[in-house]
Amino acid sequence: MARLLLLAPLLEEWVVRAGLHAWLLQRTAPAIALLVSALAFSALHLGSGLTAAALVFGPGLLFGAVYQRWRDWRWCALLHALCNASAITVCGSVSGP
């Protein structure tokens, strides 16, 4: 559970927002940076299946918009953790490795 509430949000947002999104913003239009970073975020979730990857595209856009507004990936990680906590609450307990 700590992996979903702490580790995944911190690592994924650090890589996708502080890394890729920031890099793209220096080289492309903001809309392209937002779209590509959301697609990359979705791709990180392909290990959970195509449906999971598709379902996180919307939140990926939201996290990207937050990053573009405040340029601080930590806000994205906090929002990501809250979304994960909400999903755990709605879907029930988490089992598996």
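Residues numbered from 1 in each chain as written. Predicted model: local features only at pLDDT ≥ 70, side-chain atom pairs only at ≥ 80, totals over all residues. Heavy atoms only, no water.

> Please clarify how helix H1 (residues 2-25) should be interpreted in this entry.
For an α-helix the count is 3.6 residues per turn, leaving residues at separations of three or four pointing the same way. Bending of H1 peaks at approximately 40° at the position of Ala 8, with proline Pro 9 no more than four residues after it. Of the positions making up H1, those classed as buried are Ala 8, Pro 9, Glu 12, Glu 13, Val 16, Arg 17, His 21, Ala 22, Leu 24 and Leu 25. Structurally, H1 contributes buried residues whose contacts are with helix H2 (30-44), helix H4 (57-70) and helix H5 (73-91). (Bend = angle between axes of the 7 residues up to and from the residue. Helix = DSSP H or I, 4+ residues; strand = E, 2+ residues; numbered from the N terminus. Buried < 20%, exposed > 50% of the residue type's maximum accessible area, 1.4 Å probe, protein only. Contact = heavy atoms within 4.5 Å.)

> Would you explain the side chain of Ser 37 in this entry?
Tracing the backbone through its elements, the reader meets Ser 37 in helix H2. For Ser 37, the side chain forms a polar contact with the main-chain oxygen of Leu 34, separated by 3.1 Å. Sequence-distant contacts of Ser 37, defined by excluding residues within four places in its chain, comprise Val 16, Arg 17, Leu 20, His 21 and Leu 24. (Polar contact = N/O pair within 3.5 Å; in protein donor to acceptor, adjacent residues only side chain to side chain.)

> When you look at the state of the cysteines in this model, what are you seeing that I'm missing?
As used in these notes, a disulfide is a covalent bond between sulfur atoms, one from each of two cysteines. All told, the structure shown has zero disulfides when counted by the stated rule. Free of any disulfide, Cys 83 has its nearest cysteine sulfur in Cys 76, 11 Å distant. Cysteine Cys 91 is unpaired, with the sulfur of Cys 83 as its nearest cysteine sulfur at 12 Å. (Disulfide = S-S within 2.5 Å.)

> It is not clear to me how the pattern of salt bridges should be interpreted in this structure. Could you clarify?
Should their charged atoms come close, side chains of opposite charge can pair. Throughout the structure, instances matching the rule amount to two salt bridges. Glu 13 serves as the salt-bridge partner of Arg 17, at 2.7 Å between the closest nitrogen and oxygen. Here Arg 17 pairs with Glu 13, and both are found in helix H1, just four residues apart, close to one helical turn. Per residue, the accessibility class of Arg 17 equals that of Glu 13, and both read buried. Between Asp 72 and Arg 74 there is a salt bridge, with the nearest N and O atoms lying 2.9 Å from each other. Of the residues examined, Asp 72 reaches a relative accessible area of 17% and is grouped as buried. (Salt bridge = Lys/Arg side-chain N within 4 Å of Asp/Glu carboxyl O.)

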